[in-house]
Every structure is written in structure tokens, then in C-alpha cells.
Amino acid sequence: QVQLVESGGGLVQAGGSLRLSCAASGRTFSRYSMGWFRQAPGKEREFVAAIRWSGSGFNYADSVKGRFTISRDNAKNTVYLQMARLKPDDTAVYYCAADLAGYTRAAVHDYEYWGQGTQVTVSS
């Protein structure tokens with residue numbers, strides 16, 4: 001079993017930055033890949049970014065490339081999402097998720113464990 005707890009969400013003006021954190025507990029964190037997803041009101045949950053267990057492989061949605069950076073600290077069992085140049089369209093609940101297969105996959109159904117989410121609101 002894996003427990004994931006996100007933090008760092010909030011209200012920010014367009015053009016600003018936020019850093020989300022996801023603390024993991026339970027099974028060995030360093031053995032699985034981690035992903036960030038988001039869900040806006042009335043929309044389906046969508047992929048944002050993923051990072052391999054080693055921290056050496058990445059995958060980003062086109063909508064966030066060049067603005068968001070995913071990273072992890074296996075010693076702290078934590079994955080981060082640094083978000084810069086935020087836009088109102090980035091407003092959503094952001095979720096972290098764990099993929100035990102270890103790939104940087106983008107499909108919701110590939111991830112076995114999910115956090116409860118943290119709200120990010122970007123004002124124009």
C-alpha cells in the first residue's frame with residue numbers, strides 16, 4: 001500500500017509560480033515512477049508530468065513543457081512539481097500518483113495509487 005499526500009497549492013496571479021509537493025509513505029518510494037495529473041471543473045483528469053524511479057526519465061504534457069518541472073528526492077520520499085509562468089488555464093485540482101511499473105506513462109489507468117489532490121487557482 002502507498003499513501004500520497006499533496007501540498008503547496010493555492011491562489012496565484014497569472015505569470016506567477018508555485019511548487020507542489022507530494023509526500024509518499026508505505027512501499028519503497030524509490031522503486032516506482034511518479035506522476036502529476038490535474039482535473040479542472042467539468043473536465044476529465046489529465047496528465048501533467050511523470051518521472052521515473054531513478055529521476056533520469058521524464059515525460060511532460062505539451063501544455064506545460066517549458067513551464068513545469070517535475071523532480072523527486074528519494075531520500076525524502078517526495079516528488080515535486082515546480083510550476084512557472086502560470087496561466088488561468090492551469091487552474092485545477094492537482095493530484096500525484098504512483099506507477100509501480102516504473103515508466104513515465106501518461107494514462108490515468110496506469111497509476112495504482114493516488115493522493116487526495118491540492119487546489120491550484122490562477123487568477124487573471
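Residues numbered from 1 in each chain as written. Predicted model: local features only at pLDDT ≥ 70, side-chain atom pairs only at ≥ 80, totals over all residues. Heavy atoms only, no water.

## Here's the deal with the sheet that holds strand E7 (residues 68-73)
Consider a sheet: its strands pair through backbone hydrogen bonds, and that pairing is either parallel or antiparallel. This is how the line gets drawn: At least two DSSP bridges between two strands are required for those strands to pair. Only DSSP runs of H or I reaching four residues or more are called helices, and only runs of E reaching two or more are called strands; each is numbered from the N terminus. For helices, the fitted line uses only the C-alpha atoms of the stretch in contact; every axis is such a line through C-alpha atoms, and the angle between N-to-C directions lies from 0 to 180 degrees.
Strands sit in the order E1-E3-E8-E7 across an open sheet of 4 strands; the sheet is antiparallel. Each end of this open sheet is capped by a strand with a single partner; those strands are strand E1 (2-7) and E7. Averaged over neighbouring strand pairs, the angle between their axes works out to 15 degrees when direction is ignored. Where E7 and strand E8 (residues 78-83) come together, 6 bridges link them in antiparallel fashion.

## Observations concerning the pattern of salt bridges
Selection criterion: By convention in these notes, a salt bridge is any Lys or Arg side-chain nitrogen within 4 Å of a carboxyl oxygen on Asp or Glu. When accessible area is computed with a 1.4 Å probe and restricted to protein chains, residues below 20% of their type maximum are described as buried, those above 50% as exposed, and intermediate ones as partly exposed.
The tally for this structure, following the rule as stated, stands at 6 salt bridges. Residue Glu46 pairs with Arg38 through a salt bridge whose shortest N-O separation is 2.6 Å. Judged by relative accessible area, Glu46 falls into the partly exposed class, the value being 36%. Note that Arg105 and Asp99 form a salt bridge whose closest N and O atoms lie 2.9 Å from each other. Using a relative accessible area of 26% as the deciding quantity, one classes Arg105 as partly exposed. Residues participating in the shared-partner salt-bridge network are Arg38, Glu46, Arg67 and Asp90.

## Side note on the state of the cysteines
The condition is simple: Defined by distance alone, a disulfide is two cysteine sulfur atoms within 2.5 Å.
Scanning the entire structure with this criterion turns up 1 disulfide. Put simply, Cys22 and Cys96 are joined by a disulfide, and their sulfur atoms are 1.9 Å apart. Taking the torsion about the sulfur-sulfur bond, which here is approximately 45 degrees, the covalent link between Cys22 and Cys96 counts as right-handed. One end of the pair, Cys22, is in strand E3 (residues 18-26); the other, Cys96, is in strand E9 (residues 92-99), and 74 residues separate them in sequence. The class of Cys22 is buried, set by a relative accessible area of 0%.

## Points about the pairing of strand E5 (residues 46-51)
Counting buried positions over the 6 residues of E5 gives 5, a clear majority of the element. In the sheet, strand E4 (residues 33-39) pairs with E5 via 5 bridges, with the strands oriented antiparallel. Along E5, the bridge assignment pairs Trp36 with Ala49. Two elements, E5 and strand E6 (residues 58-60), share 3 bridges in a ladder whose sense is antiparallel.

Without other data, these values stay purely geometric and don't point to any function.
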